[in-house]
Protein chains: 2
Amino acid sequence: MSKPATRAARRIAVIKALAHPSRLAIAEALQDGERCVCDLRDIVGADLSTVSKHLTLMRKAGLLDMEKRGLNVFYRLRCPCLMNFFECVDGLIPDKAPRKSGK
Amino acid sequence: MSKPATRAARRIAVIKALAHPSRLAIAEALQDGERCVCDLRDIVGADLSTVSKHLTLMRKAGLLDMEKRGLNVFYRLRCPCLMNFFECVDGLIPDKAPRKSGK
DNA sequence: GCTTTACTTGGCAGAATGGCCAAGTATTGA
DNA sequence: TCAATACTTGGCCATTCTGCCAAGTAAAGC
């Protein structure tokens, strides 16, 4: 088992790699299978260089595999449980109620 | 079902709320049950005001419940699947190999 | 009512992140 | 070999995030 400190650092890297609207959109788009960078650029709506950097960050965190075929680079998701986690997150309601006290 | 844009924003808020070493440590500490702020301050090792801000951010994202009893405020985790997700994340290996191409 | 304790919030400065533009690299077709 | 295409990387600037310090608030004990 890896060192707790290393494990925490890796967890942070993965979570940070998801903690941005464009990268979340990328992860969601890749649920249905691999896509190339220009596909993802169209989905995300940002500059190609920006998308490329997001993809690199996600890949270095271990979230994605990449495969170059001709001119295109294809990315696919490596994390099998993301959708479970996202659905679980969807069940959370942000805190809006006033703080309760006592019991 | 909520609007896709709102759902994505909520997902982002939750993931961002976890994307920091101190907040990850808080989430891990709360797996075993509720804790008060000064407990969590000892675990995280940051200033009390810093920990308090992290807790507020996590609560507003929907990750935590809070309960004031006397002088102490107790926090508990609301997200049941975090540990599953963390363990899944632990199974990912960050990308170190050179990029492969072709097939 | 005052003091102590636990916690929250405001202010500010520094660190980290993310955008675009431009340049660079690799691959492919002519 | 050259041009076109897909993609990556460097540079710079703006935005966001996070830390500490100090001040503020609420609850409890005396």
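What you see is a predicted model; the values in this text were computed from it and never measured. Per chain, residue numbering runs from 1 following the sequence as it is written. Chain A is the first chain written and ligand 1 is the first ligand written, with later ones labelled in order. In keeping with the predicted nature of the model, local features appear solely for residues at pLDDT of at least 70, side-chain atom pairs appear and are counted solely at 80 or more, and the whole-chain, interface and lining totals rest on all residues. Side-chain metrics in this entry use all non-hydrogen atoms of the structure; hydrogen atoms and water are not considered.

**Student:** I tried to follow the overall build of chain A on my own but got confused; where do I start?
**Tutor:** Tallying secondary structure elements over chain A gives five helices and three strands in all. Numbering of helices and strands runs from the N terminus, with a helix taken as a DSSP run of H or I at least four residues long and a strand as a DSSP run of E at least two residues long. Taken from N to C terminus, the helices and strands of chain A fall in the order α-α-β-α-α-β-β-α. Only protein chains enter the area calculation, which uses a 1.4 Å probe; residues under 20% of their type maximum are buried, those over 50% are exposed, and those in between are partly exposed. Per-residue burial for chain A yields a buried fraction of 40% across its 103 residues. Contact between two residues is taken to exist if any of their heavy atoms lie within 4.5 Å; hydrogens are not considered. A fraction of 48% describes how many contacts in chain A between residues 6 or more apart in sequence connect residues 24 or more apart. Carbon and sulfur atoms make up 53% of the accessible area of chain A, which totals about 5,600 Å². Only the protein chains shown count as cover for residues, with accessible areas throughout obtained via the Shrake-Rupley method and a probe of 1.4 Å.

**Student:** Explain the sheet that holds strand β2 (residues 64–69) of chain B here, please?
**Tutor:** Backbone-to-backbone hydrogen bonds join strands into a sheet, with any given pair of strands oriented parallel or antiparallel. All names here are of chain B. Strands pair, by our definition, only if DSSP identifies at least two bridges between them. Taken in spatial order, the three strands line up as β1-β3-β2 in an open sheet, and their pairing is antiparallel. At either margin of the open sheet sits one strand with a lone partner, and together these are β1 (35–36) and β2. Both β2 and strand β3 (residues 72–77) contribute to a ladder of six bridges, which runs antiparallel. In the strand pairing of β3, leucine 64 is matched with leucine 77.

**Student:** Is there a simple way to explain the packing of helix α1 (residues 4–18) of chain A against helix α2 (residues 21–29) of chain B in this structure?
**Tutor:** Pairs of packed helices are described in terms of their axes, by the angle between the two and the distance that separates them. In this description, a line fitted to the C-alpha atoms serves as the axis of each element, helices being fitted only across the stretch in contact, and the angle between N-to-C directions of two axes falls anywhere from 0 to 180 degrees. Running from N to C, α1 of chain A and α2 of chain B cross one another at 110°; their axes reach a closest spacing of 10 Å. Compared by their axis directions, α1 of chain A and α2 of chain B come out roughly perpendicular. Crossing geometry of α1 of chain A relative to α2 of chain B is assigned as right-handed. Facing α1 of chain A, whose interface residues are Ala8, Arg11, Ile12 and Ile15 of chain A, α2 of chain B presents Pro21, Leu24 and Glu28 of chain B. Residues are grouped as follows: Ala, Val, Leu, Ile, Met, Phe, Trp, Tyr, Cys and Pro are nonpolar; Asp, Glu, Lys and Arg are charged; every other residue, Gly included, is polar. Of the residues in the contact of α1 of chain A with α2 of chain B, the class split is five nonpolar, no polar and two charged. Here the angle decides the label: under 35 degrees means roughly parallel, over 145 means roughly antiparallel, 65 to 115 means roughly perpendicular, and every other value means oblique. By convention, the crossing between two helices is left-handed when the near helix turns anticlockwise from the far helix through less than a right angle, and right-handed when the turn is clockwise.

**Student:** Sorry if this is basic, but what is going on with the protein's contact with DNA strand C here?
**Tutor:** Any residue with a non-hydrogen atom lying within 4 Å of a molecule or strand is treated as near it. Not every one of the 24 residues close to DNA strand C is listed here, only the nearest: Ser49 and His54 of chain A together with Ser49, Ser52 and Lys53 of chain B. Within 4 Å of the protein, the atoms of DNA strand C are drawn from sugar and phosphate moieties in a proportion of 66%. At 2.9 Å, a side-chain N or O of threonine 50 of chain A approaches a phosphate oxygen of DNA strand C. At 2.6 Å, a side-chain N or O of histidine 54 of chain A approaches a phosphate oxygen of DNA strand C. Of all the secondary-structure elements, those providing two or more residues to the surface near DNA strand C are α4 (48–60) of chain A together with α3 (37–44), α4 (48–60) and β3 of chain B. Nitrogen and oxygen atoms within 3.5 Å of one another constitute a polar contact, given that in protein one can donate a hydrogen and the other can accept it, and given that sequence-neighbouring residues count only through two side-chain atoms.

**Student:** Quick question: what am I supposed to make of helix α5 (residues 82–90) of chain A here?
**Tutor:** For an α-helix, 3.6 residues make a turn, and residues three or four places apart therefore share a direction. Of the residues making up α5 of chain A, those classed as buried are Leu82, Phe85, Phe86, Cys88 and Val89 of chain A. Buried residues along α5 of chain A cover an arc of 160° about the axis, so they all sit on one side. Exposed and facing more than 90 degrees away from the buried side of α5 of chain A are Asn84 and Glu87 of chain A. The inward-facing, buried residues of α5 of chain A contact α1, α2 (21–29) and β3 (72–77) of chain A together with α1 (4–18) and α5 (82–90) of chain B. Here, the arc refers to the directions that run from the helix axis to the C-beta atoms.

**Student:** Before we go on, may I ask you to explain the packing of aromatic side chains in this structure?
**Tutor:** Aromatic ring pairs are defined here through the distance separating the ring centres and the angle between the ring planes. For Phe, Tyr and Trp, where Trp contributes only its six-membered ring, two rings pair if their centres lie within 6.5 Å, and the inter-plane angle classes them as stacked under 30 degrees, edge-to-face over 60, or tilted in between. A complete count under the given rule lists three aromatic pairs over all chains for this structure. With centroids separated by 6.2 Å and ring planes inclined at 45°, the aromatic side chains of phenylalanine 85 of chain B and phenylalanine 86 of chain B adopt a geometry described as tilted. Assessed through its relative accessible area of 3%, phenylalanine 85 of chain B is described here as buried. Among the aromatic residues, ring-to-ring pairing joins Phe85 and Phe86 of chain A together with Phe85 and Phe86 of chain B into one connected group. Directly above the ring of phenylalanine 74 of chain A sits arginine 69 of chain A, whose terminal nitrogen or CZ lies 4.1 Å from the centroid. Only Lys NZ and Arg CZ are tested; either one counts as a charge over a ring when it is within 6 Å of the ring centre and within 35 degrees of the ring normal.

**Student:** What am I meant to see in the nonpolar core here?
**Tutor:** For soluble globular proteins, the rule of thumb is that nonpolar side chains tend to be buried together. Core analysis: the largest hydrophobic core is formed by 65 residues, its most contacted members being Leu18, Leu63, Leu82 and Phe85 of chain A together with Leu63, Leu82 and Phe85 of chain B. The leading source of residues in this core is α5 of chain B, at six residues. Excluding residues that lie within four positions of it along the chain, leucine 63 of chain B makes contacts with Leu92 of chain A together with Val14, Ala17, Leu18, Met58, Arg76, Leu77, Arg78, Cys79 and Leu82 of chain B. For the purposes of this section, nonpolar cores are sets of buried Ala, Val, Leu, Ile, Met, Phe, Trp, Tyr and Cys residues that join through side-chain atoms within 4.5 Å.

**Student:** Please explain the relation of the copies chain A and chain B as it appears in this structure.
**Tutor:** Two copies of a chain can be linked by a rotation about an axis combined with a shift along that same axis. Least-squares superposition of the copies uses the C-alpha atoms of those residues scoring a pLDDT of at least 70 in each of them. The two copies are related by a screw operation: chain A maps onto chain B through 180° of rotation and 0.0 Å of translation along the axis, at an RMSD of 0.0 Å. This pairing of chains is accounted for by a two-fold axis. A symmetric contact is evident, with 100% of the interface residues of chain A recurring at the interface of chain B.

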